[in-house]
Amino acid sequence: KRKQRKPSAKQQKQILEQLALQEDDNEENEEVVGERVMSQLHECIAALESNAYMTRVLLPAIRDSASNHSEPSMYDIVCYGIGNFAKLSTRSSTRGTTSASAPMLQLACALLLRKTFTELIATISEGARDSLKEDDSKKKGLNENEDKTNCESPSSSAGPKMFYYEPLLLPVERSVLLEENVHIISTNEQGKRKVEKNTFFFMPHCPMRLYSNVLWANWNQSLFDSSQQGRILIFGNSFQLYDQRIVISHRVSADSDKTSLDTNCVLKVVPYTREQGRVTGSKEWKRLLDANNHKDDVLLSNLESAFNDCVVMSFSTNEKDDELSSISSRPWEYRPDEHISGEKIKDGYGESELL
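Here is a short report on the structure shown in this document. (Residues numbered from 1 in each chain as written. Predicted model: local features only at pLDDT ≥ 70, side-chain atom pairs only at ≥ 80, totals over all residues. Heavy atoms only, no water.)

What follows is about the packing of helix α3 (residues 52-65) against helix α12 (residues 282-290). Packing of α3 against α12 brings their axes to within 8 Å, and their N-to-C directions diverge by 125 degrees. Taken together, the axis directions place α3 and α12 in an arrangement best described as oblique. Between α3 and α12, the contacting residues are Ala-52, Tyr-53, Arg-56 and Val-57 on the first element and Trp-285, Arg-287 and Leu-288 on the second. Class assignment for the residues of the contact of α3 with α12 results in five nonpolar, no polar and two charged. (Axes fitted to C-alpha atoms, helices over the stretch in contact; angles between N-to-C directions. Helix = DSSP H or I, 4+ residues; strand = E, 2+ residues; numbered from the N terminus. Parallel < 35°, antiparallel > 145°, perpendicular 65-115°, else oblique. Contact = heavy atoms within 4.5 Å. Nonpolar A, V, L, I, M, F, W, Y, C, P; charged D, E, K, R; others polar.)

What follows is the structure in C-alpha cells.
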C-alpha cells in the first residue's frame, strides 16, 4: 500500500529550495513560494469544484452521510495524514500547466468540503440552528480552551472550524493554512481527539492504527447514532477492504496477535459501517477525469493517487447485518482496549507503528 513518508529536516530544506524555482533573490524566496503555493491551491479548488469526482461521487456521498435524518448537520473538519503540500510538481513543457501533488489536491478537497458543510448549515431550519447554538454555548469554554492550548488559530474563522496536523510543517505551509482560516494542531494527539461536536475526520491514506485511535477516542453512543451531537464521519481508506485483506492474511489464525486485535477499533466497527463514494479501478478514475473534456487534466493528474481506495464512512447500528446474531446491538458498551504508542498492529501489509 502506498504511504506518505514524513520528510526529514534536510528534505524540508530541499523542498523549500525546489519551491523557489531558481529565484535569484533569496530573501524573496519564501514570499514568492507562498504566492505560488496559494495560487496553485486556489487553482486546485476551482478545478475540483467542477470535477466529476467531486460533483458525482464525493459530494453526494458526504451530503447523504452528513444528513441527520431529514436535516443536515454542522460538521467541523479535522485533517490528519495530508502531510507537506507545498512542493509544486514539474511544469508541463507542452501546456504550461503544473500538476498538483496528491497532498495539495487533498488539502484543496478538504477546503471544498468545509464550504460544503457551510452550505449545509445554511439550509438548517432556524429552530435547529438555535438548538445548535445553545449546545455550542454549553461547550464554548471547553472548545475555546482546547483551541488555545493545542492549536495555532487563524485571526478569523467563520463557519465550521477546520483543524490540521503535520509534525514537520514548513513555514510557508503554516502561513497558507492560517490565511485559509485553518487551525493548526500543535501537539501529536496520536489521533485520540475526543470531539463534542459533529466532526468530519479527513484522513486519506492514513495508517490503520490512526483510524483506530480516532474511533477509540470517540467510542460512545454518538458514534453509532446519527441523531446525537458528537457524531463522527471519516473520509479515508475503506475499512471493509482492510477487513478483507486482514482475513486473507489470517488475522483469526492461532498465531494472530491477540493484543493487537483487542485494540483494533477498525475491525470491530466494520459490521456497523456504511461506506459511500468508492471509485473502483484506474479506468473509472480516467473516466471521471475525462468527463470535463480534458480540462484541468494536467493539474489533476494525481487525482487517483490522492484518493484511491478512499470512501466516506458513517457508523450506525442500522448497518448491522441481522444474520450476525453475535454482533451487539449496543456496541458502544463494548469499547476496545486503548492502544498505547509503541505497540504494533498487523494491518494486512505487515506490522506498522502509529505514525
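Turning next to the pairing of strand β5 (residues 162-165). Side chains Met-162 and Tyr-164 project from β5 onto one buried face, and the interleaved Phe-163 and Tyr-165 project onto a second face that is buried too. Here four bridges tie strand β3 (residues 76-80) to β5, and the two strands are oriented parallel to one another. When the bridges of β5 are listed, Val-78 appears paired with Phe-163. Direction of pairing for β5 relative to strand β6 (residues 183-185): parallel, over a ladder of two bridges. (Buried < 20%, exposed > 50% of the residue type's maximum accessible area, 1.4 Å probe, protein only. Pairing = 2+ DSSP bridges.)

To continue, consider the packing of helix α2 (residues 29-49) against helix α6 (residues 171-179). One can describe the packing of α2 onto α6 by two numbers: an axis separation of 10 Å at closest approach and a directional angle of 50 degrees. Of the possible angle classes, the one that applies to α2 and α6 is oblique. Considering only the axes of α2 and α6, their crossing is right-handed. Mapping the contact onto sequence places Glu-30, Val-33, Gly-34, Val-37, Met-38 and Leu-41 in α2 and Pro-171, Val-172, Val-176 and Glu-179 in α6. (Left-handed = near helix turned anticlockwise from the far one by under 90°.)

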